[in-house]
Protein chains: 2
Amino acid sequence: MIKEPKHDPKKCTQHIMAVHDAMYILNGRWKISIIASLCFNTLRFTDLLREVEGISGKMLSRELKNLEENQLVTRTVLNTQPITVEYQLTEYGHTLKEVIDSLAKWGYNHRKKITGKE
Amino acid sequence: MIKEPKHDPKKCTQHIMAVHDAMYILNGRWKISIIASLCFNTLRFTDLLREVEGISGKMLSRELKNLEENQLVTRTVLNTQPITVEYQLTEYGHTLKEVIDSLAKWGYNHRKKITGKE
DNA sequence: TGTTACAGTTACTTTTAGTAATCAGCTGAC
DNA sequence: GTCAGCTGATTACTAAAAGTAACTGTAACA
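Residues numbered from 1 in each chain as written. Chains lettered and ligands numbered in written order. Predicted model: local features only at pLDDT ≥ 70, side-chain atom pairs only at ≥ 80, totals over all residues. Heavy atoms only, no water.

Student: Mind showing me how you'd approach the confidence of the model for chain A here?
Tutor: Do not read the fine detail of predicted coordinates wherever pLDDT is low. Looking at chain A as a whole, the pLDDT averages 92, with 93% of positions reaching at least 70. Across chain A, element-level confidence peaks in helix α5 (residues 91–94) of chain A with a mean pLDDT of 98 and bottoms out in helix α1 (residues 9–25) of chain A with 92. (pLDDT = per-residue confidence, 0-100. Helix = DSSP H or I, 4+ residues; strand = E, 2+ residues; numbered from the N terminus.)

This is the structure in structure tokens:
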């Protein structure tokens, strides 16, 4: 007996594949948090180290490189003393804002559910 | 000199924290893909093994347990021969649909950008 | 001269994930 | 009756990823 699918299997597969593609870029524990932090402000390395809770210098450095390679973030060395480096979302990086916002919304509600508080 | 923030720092922190909370639940390479697969259909263990591209039995088993603990998925043993086990999103699991959809949308556009094809 | 801040990097350890084999219960074929 | 195959896993072993803490080098500050 051939199963009658409840939904268009082609659309399902496309949907699942698209999620897979997105997660391939956003893989690892830190990228989404880094992007979320950069959604509001341009930040320096040390700022990010403070904002992204729990990340180490090594991982931050590595993840930023990867985000730069994928054209989601730009790195700008400023001519200050000591030198400072600014990271900011590219225009393309900002297209992730919707994803970040829906995650934030869910996370916010989840915290309410778990703690029972506002 | 105290920096004048461009945005409400309280709201920023809340936003970033909310994303952090969401990612704490959705951590690892597989959970989001599993949830995406279950968005459309109830699926059996073996179905998921096929649908979630690249996952191993060990990881699938582990991730499903974790999702069950977090009340995003239910596990139902059916009285068939051989026994089959159905996994489905809980009502709470379905609240992630918006997240999944925005990821799918982004992933779909990203693929277009990279391949230049539809 | 010693301390601090900047943006990382390096060597080493721990954790997590991947691979492939195996388990147990049952069916149907030979 | 026993062998292969399906179900949903689990186990031992290996490889990859992430975490930790120390360190680099430049320059301002005290």
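Student: I would appreciate a short explanation of the packing of aromatic side chains in the present structure.
Tutor: The geometry of an aromatic ring pair is captured by the separation of the ring centres together with the interplanar angle, meaning the angle of the planes. Counted under the stated rule, the structure contains two aromatic pairs over all chains. The ring of B:Y92 has A:K113 lying over it, and the distance from NZ or CZ to the ring centre is 3.7 Å. (Phe/Tyr/Trp six-rings, centres within 6.5 Å; stacked < 30°, edge-to-face > 60°. Lys NZ or Arg CZ within 6 Å of the ring centre and 35° of its normal.)

Student: Teacher, can you tell me more about the interface of chain A and chain B here?
Tutor: When the parts of a complex come together, some accessible area is lost, and that lost area is often used as the size of the interface. Each side of the interface is counted separately: chain A has 44 residues, and chain B has 44 residues. When the two sides are added together, the surface that chain A and chain B hide from each other amounts to roughly 4400 Å², 64% of it contributed by carbon and sulfur. Remark: the boundary between chain A and chain B carries four salt bridges. Among the ionic pairs, A:D21 bridges to B:R111, the shortest N-O distance being 2.5 Å. For the pair chain A and chain B, the interface holds 11 residue pairs in polar contact (both at pLDDT 80 or more). Counting only elements with at least two residues in the side of chain A that touches chain B, the list comes to α1, α2 (31–38), α3 (45–51) and α6 (97–115) of chain A. Sort the elements by how many residues they give to the side of chain A that touches chain B and α6(A) lands first, with 14 residues. Grouping the amino acids of the side of chain A that touches chain B by side-chain chemistry returns 21 nonpolar, 11 polar and 12 charged. (Contact = heavy atoms within 4.5 Å. Buried area = accessible area lost by both parts, 1.4 Å probe. Salt bridge = Lys/Arg side-chain N within 4 Å of Asp/Glu carboxyl O. Polar contact = N/O pair within 3.5 Å; in protein donor to acceptor, adjacent residues only side chain to side chain. Nonpolar A, V, L, I, M, F, W, Y, C, P; charged D, E, K, R; others polar.)

Student: How do you make sense of the sheet that holds strand β2 (residues 73–78) of chain A when you look at a structure like this?
Tutor: Within a sheet, neighbouring strands are paired by backbone hydrogen bonds and run either parallel or antiparallel to one another. Residues and elements named next belong to chain A. Strand order in the open sheet formed by three strands is β1-β3-β2, and the pairing between neighbours is antiparallel. Pairing within the sheet leaves two strands with one partner each, and these edge strands are β1 (43–44) and β2. Where β1 meets strand β3 (residues 84–89), two bridges bridge the pair, whose relative direction is antiparallel. Bridge pairing links R44 to E86 in β3. Set on the sheet, α2 makes contact with β1, β2 and β3; between it and β3 the angle comes to about 95 degrees. (Pairing = 2+ DSSP bridges. Axes fitted to C-alpha atoms, helices over the stretch in contact; angles between N-to-C directions.)

Student: Which parts of the structure should I look at to understand the sheet that holds strand β1 (residues 43–44) of chain B?
Tutor: All names here are of chain B. Spatial strand order, β1-β3-β2: three strands in an open sheet with antiparallel pairing. If you trace the sheet from one side to the other, it starts and ends with β1 and β2 (73–78), each paired once. Strands β1, β2 and β3 (84–89) of the sheet are contacted by helix α2 (residues 31–38), whose axis makes an angle of about 95 degrees with β3.

Student: Would you mind going over the protein's contact with DNA strand D with me for this structure?
Tutor: The environment of DNA strand D is made up of 20 residues, and the closest members are A:R29, A:K58, B:T46, B:R75 and B:Y87. Expressed as a percentage, the sugar and phosphate content of the atoms of DNA strand D within 4 Å of the protein is 73%. In the model, a phosphate oxygen of DNA strand D is placed 2.5 Å from a nitrogen or oxygen of the A:R29 side chain. Between B:Y87 and DNA strand D, the recorded distance is 2.4 Å, taken from a side-chain N or O atom to a phosphate oxygen. (Near = heavy atom within 4 Å.)

Student: Help me understand the relation of the copies chain A and chain B, please; the structure alone is not making it clear to me.
Tutor: There are two copies of the chain, and a rotation about an axis plus a shift along that axis relates them. Between the two copies, chain A and chain B, the superposition gives an RMSD of 0.0 Å; the rotation angle is 180 degrees and the shift along the axis is 0.0 Å. Such a combination of turn and shift is consistent with a two-fold rotation axis. For chain A, the smallest separation between a C-alpha atom and the rotation axis is recorded for A:V99, amounting to 3.2 Å. When the interface residues of chain A are mapped onto chain B, 100% of them again fall at the interface, so both copies present the same face. (Least-squares fit on C-alpha atoms with pLDDT ≥ 70 in both.)

Student: Sorry if this is basic, but what is going on with the protein's contact with DNA strand C here?
Tutor: Taken together, the neighbourhood of DNA strand C is formed by 21 residues, with A:T46, A:R75, A:Y87, B:R29 and B:K58 sitting nearest. Among the atoms of DNA strand C close to the protein, meaning within 4 Å, 74% are from sugar or phosphate groups. In this structure, A:Y87 approaches DNA strand C through a side-chain N or O atom, which is 2.6 Å from a phosphate oxygen. Contact between DNA strand C and B:R29: a phosphate oxygen at 2.7 Å from a side-chain N or O atom of the residue.

Student: For this particular structure, what's the right way to read the pattern of salt bridges?
Tutor: Pairs can form between side chains of opposite charge whenever their charged atoms are close. Residue and element names in this part refer to chain B. Under the criterion given, the structure shown has 12 salt bridges over all chains. Where D101 meets K97, a salt bridge forms, and the shortest distance between an N and an O atom there is 3.2 Å. Remark: K97 and D101 occur in helix α6 (residues 97–115); sequence separation between them is four residues, near one turn of the helix. Residue classification places D101 among the partly exposed residues on the basis of a relative accessible area of 30%. (Buried < 20%, exposed > 50% of the residue type's maximum accessible area, 1.4 Å probe, protein only.)

Student: Any chance you could explain the pairing of β3(A) here in plain terms?
Tutor: As a general feature of sheets, a regular strand has side chains that alternate between the two faces. Residues and elements named next belong to chain A. Here six bridges tie β2 to β3, and the two strands are oriented antiparallel to one another. Bridging from a neighbouring strand, V73 pairs with L89 of β3. Taken together, β2 and the strand that follows it, β3, pair antiparallel across an intervening segment of five residues.

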